[in-house]
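Structural features, examined
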Amino acid sequence: MTTTQTPLSLYGFLRPKPERAEEVRQILTSFVEPTRQEEGNLQYHLHKHEDGRFFLYEVWRSQEDLDRHNALPPLRAFLENVLDYLEEAPEGYFNTMLSTYPTIDPD
């Protein structure tokens, strides 16, 4: 059975401290493939902006899926100490998608 759900998007910038930029890149990169394999993850992209910031773009099937992702120990460890790595708090946005998205088949 297929169902139509309204995915959630999460996106934003992270500005690493210059001395920790490579470490932040490695940490964020290490999240990409495991996150893409998580139940409910529809998209997960990491970009490096020309000014040195990192840009994350995520799309999740549901809030429950995103909550489960955010509770994972590696991500929790990074988020609990994020200001040790960054010059400022992450600039993030969380929204419900208005554009259509392909039908999600939960099976």
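So, here's what we can say about the structure. Sequence order as written defines residue numbering, which begins from 1 separately in each chain. Where local features are concerned, this predicted model is filtered to residues with pLDDT of at least 70; where side-chain atom pairs are given and counted, the filter is 80 or more; whole-chain, interface and lining totals use all residues. Calculation of side-chain values draws on the structure's entire complement of heavy atoms; hydrogens and water are dropped beforehand.

1. Some details on the overall build of the protein
Looking only at helices and strands, the protein features four helices and four strands. Going along the chain from the N terminus, every DSSP run of H or I of four or more residues is numbered as a helix, and every run of E of two or more is numbered as a strand. Beginning at the N terminus, the succession of helices and strands in the protein can be written as β-α-β-β-α-α-α-β. Each of the 107 residues in the protein was classed as buried or not, and the buried ones make up 32%. Residue contacts are counted whenever heavy atoms from the two residues lie within 4.5 Å of one another. In the protein, the proportion of contacts linking residues at least 24 apart, taken out of those at least 6 apart, comes to 72%. Note on classification: 1.4 Å probe, protein chains only; a residue is buried when its accessible area is under 20% of the maximum for its type, exposed when over 50%, partly exposed between these limits.

2. Section: the pairing of strand β2 (residues 41–48)
Strands are labelled as partners when DSSP assigns at least two bridges between them. Examined bridge by bridge, β2 and strand β3 (residues 54–60) share seven bridges and lie antiparallel to one another. Looking at the pairing, H47 lines up with F55 of β3. Between β2 and β3, which pair antiparallel and follow one another directly, the connecting turn spans five residues, one of which, G52, has a positive phi of 95°.

3. What about the packing of aromatic side chains?
Two aromatic rings, drawn from Phe, Tyr or Trp (for Trp, its six-membered ring), form a pair once their centres lie within 6.5 Å of each other, and the interplanar angle then sorts them: stacked below 30 degrees, edge-to-face above 60, tilted otherwise. The full count for this structure, using the stated rule, is five aromatic pairs. When the centroid spacing of 6.4 Å and the interplanar angle of 40° are considered together, the rings of Y11 and Y57 count as tilted. Placement of the pair is Y11 in strand β1 (residues 8–14) and Y57 in strand β3, with a sequence separation of 46 residues. A residue is classified by how much of its surface remains accessible, and Y11, at 27% relative accessible area, is partly exposed. In this structure an aromatic cluster arises from ring pairing among Y11, Y57 and Y93.

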